[in-house]
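The residues making up each chain are set out below.
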Amino acid sequence: MAFVQLSGISLAFGEREILKDVNLTVSGESRAALTGANGSGKTTLMKIIAGAGIPDAGNVNFQRNTRVSYLPQSGVVDSGLTLWEEAEKAFEPLRRELEETHVLERALSSVTQESPETARLLETLSYHQEHLVRSGYYSRSEKIGQVLQGLGFSLRDKDKRTSDFSGGWQMRIALCRTLLEDADILLLDEPTNYLDIEARGWLESYLSSFAGGLLVVSHDKYFLDVTVREVLEIFSGRLTRYAGNFSAYQTRRQEELAGLMEAYRRQEEEIARQEEFIRRFRANASRAALVQSRAKQLEKMTRIEVPDSLKRLRFSFPPPPHSGRRALSVEGLSKSYGALRVFSGLGFELGRGERLVVAGKNGAGKSTLLRILAGLDKDFSGSLAWGAGVKTAYFSQDADSSLDEELSVVEEVEAACPTALFPKIRTMLGAFLFQGDDIYKSVSVLSGGERSRLCLLKMLLVPANLLILDEPTNHLDMSSKDVLLDALKGFDGALVFVSHDRYFIEGLATKVLEMREGLSPRLFPGGYEYYLFRLSQEEAAPPSVSASAAVSASLSQASREEQKKRKSLHKKLTLREEEILTRIAELEAAHKKIGEDMARPGVYADGAKMKALT
């Protein structure tokens, strides 16, 4: 069985120990999530397993012929090829194996049947030929097409240069190539980043049927629940295994952390009590021995360390300004870019306290709609009617691009903060995990999660009763997502949002607006689970009576000549289909016959015949 085994792996950056004596085996049957706080060493460990990183101590052993494919979280380099050519790079090892079979065939043609080399060459050739068939090399075009379409590409994209795709789509290209590499073990670091819900659903299905091992890092709780059977947590440099899916891990881990925090609290109280005793009686000669004894006890005490990862983002939205029961009414909304119609005939109403998720594939116009609602795009037709006293706040996917890279964190907040809130700036920054010297960090050095938290904080500075949020969970870790979800559940105003995180959507949405490319938007008055139920009903239901009647009416209006043409074309296509199927059967029989001929040792004595068979 294919596996990678890590023994005693340790790694430090300067004085900070990232990994401490980590032991781990990832096999062809593994289905595991790798989790831990931001900066805990997840990506570092993935690189070591993939052979792309070197530890300070310990050993990494690969079972012979184990194939490992690694998808990095970022840093994908554009190759300058077309989309299809880039996908075909996944089959490069198999193409080289095919060339090796040609070398073996030429070698066989130059030896006699009685030669001791013949049997060895035949055995090697047979192994490679069978592996090429099993690996799907000869049906790679079909497999490439399936994966590209599953990840949201259209067939018309296949000749497009990879450099013409955005960064998010280039990460999809990298994911496509990784999935096509026929690996024994897949290492995926944040594979759902930049995927819409449809592509995530396809990836979940693909990984469920994947025959090899899987180790994945993701902040998508639902995705992990349906793809893994165990969770590996890096905590303070140590690796701990938890059986079960991610939800089971969270339940057990919360109980453990609660116990850890309680022990930490009791120890801190004891330390404070002992230090107070030492401070009070330090100058008392009669108690000098006792003071010295207490001081030694403190020195020998094993301190319980609570890492920064246990700090949680804690906030609630400020009370929204008073407004009427109706927050927003949209009627006949349409948007076009020249001849390209993004959407048309869109209409819905949103009441105070309702939470509307805008769903649909990438390119359906979700972000465009939110920009219109936020007042940033005024080039549209139709009407927007705001309720009495409605004040909006908008968070965009690229909100961090509005940050001033030359300012510090505290300066960025001060620049957007109303005068009345100036005394509370330090408290608010602390609530968003910008504590101590962190508030003086330059915005330019912040991580993606830190930038998202800073943008969310700036949005909260101005109270609003209608929040418009475009992918608010991007770059947030699971803990921050959970806190944001709880805060939004407690928000009294209205909410319109876009998200690709299914767990986040299911926990929040009370209405679903479906955007469909080329079709009219549809409103579903219920949560996301109800929306999916309705879609499954539509897929399973036979055509309605009214639909059948409409088709019949349409056909009756067509001319007799048109119907005759259709019948004639159908007949020709049916005959052509039979010819193609017959030809396929003939080719399969010929292929089988050639394989049988090439399996006979005697054929290799005749160079011309062998060449013809090849």
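Residues numbered from 1 in each chain as written. Predicted model: local features only at pLDDT ≥ 70, side-chain atom pairs only at ≥ 80, totals over all residues. Heavy atoms only, no water.

Caption draft 1: Region of interest: the overall build of the protein. Regarding its fold elements, the protein presents 20 helices and 18 strands. Counting across all 614 residues of the protein, residues that qualify as buried make up 42%. The long-range fraction of contacts in the protein, counting pairs at least 24 apart against all pairs at least 6 apart in sequence, stands at 68%. With the model as given, the accessible surface of the protein reaches about 33100 Å², and the carbon-plus-sulfur share is 50%. (Helix = DSSP H or I, 4+ residues; strand = E, 2+ residues; numbered from the N terminus. Buried < 20%, exposed > 50% of the residue type's maximum accessible area, 1.4 Å probe, protein only. Contact = heavy atoms within 4.5 Å. Areas by Shrake-Rupley, 256 points an atom, 1.4 Å probe, with all protein chains shown as cover.)

Caption draft 2: Region of the structure containing helix α10 (residues 288-300). End to end, α10 covers 19 Å across 13 residues, agreeing with the expected 18 Å (1.5 Å per residue, within 8%). Every buried residue of α10 is accounted for by Val291, Arg294 and Leu298. Buried residues along α10 cover an arc of 65° about the axis, so they all sit on one side. Turned more than 90 degrees away from the buried face of α10 sit Ala289, Glu299 and Lys300, all of them exposed. (Expected span 1.5 Å × (residues − 1). Arc of directions from axis to C-beta.)

Caption draft 3: The arrangement of the side chain of Thr368 in detail. Along the chain, Thr368 falls in helix α11 (residues 366-373). With a relative accessible area of 14%, Thr368 lands in the buried category. Apart from the residues within four sequence positions on either side, Thr368 is in contact with Lys335, Tyr337, Phe343 and Asp377.

Caption draft 4: Quick look at the packing of aromatic side chains. Within this structure, the stated rule accounts for 10 aromatic pairs. Look at Tyr137 and Tyr138: their rings are 5.6 Å apart centre to centre, the planes differ by 75°, and that puts the pair in the edge-to-face class. For Tyr137, a relative accessible area of 7% puts it in the buried group. With 5.2 Å between their ring centres and 55° between their planes, Phe246 and Tyr249 make a pair best called tilted. Linking Phe246 with Tyr249, this pair stays in helix α9 (residues 246-281), spanning three residues, or about one helical turn. For the pair shown, Phe246 and Tyr249 are each scored as buried. The rings of Phe153, Phe165 and Trp169 are connected pair by pair, giving a single aromatic cluster. Above the ring of Phe165, the side-chain terminus of Lys160 is found at 4.5 Å from the ring centroid. Above the plane of the ring of Phe281 lies Arg287, whose end atom (NZ or CZ) is 4.3 Å from the centre. (Phe/Tyr/Trp six-rings, centres within 6.5 Å; stacked < 30°, edge-to-face > 60°. Lys NZ or Arg CZ within 6 Å of the ring centre and 35° of its normal.)

Caption draft 5: Main features of helix α5 (residues 140-150). Of the positions making up α5, those classed as buried are Ile144, Gly145, Val147, Leu148 and Gly150. The inward-facing, buried residues of α5 contact α2 (83-88), α6 (167-180) and α7 (197-209). The first or second residue beyond α5 is Gly152, which carries a positive phi of 100°.

Caption draft 6: Structural context of the pairing of strand β15 (residues 466-470). Taken across its five residues, β15 has five buried, putting it largely inside the fold. Neither face of β15 is left uncovered, since the one carrying Leu466, Ile468 and Asp470 and the one carrying Leu467 and Leu469 both have all their residues buried. By the bridge criterion, four bridges tie strand β14 (residues 392-395) to β15 in an arrangement that is parallel. Its bridge partner lying in β15, Thr392 is registered against Leu466. The pairing of β15 with strand β16 (residues 494-498) spans five bridges and is classified as parallel. Residue pairing for β16: Leu467 is matched across the bridge by Leu495. With respect to chirality, the unit in which β15 leads through helix α15 (residues 478-489) into the neighbouring parallel β16 is right-handed. (Pairing = 2+ DSSP bridges. Right-handed = clockwise from strand over helix to strand, strands pointing away.)

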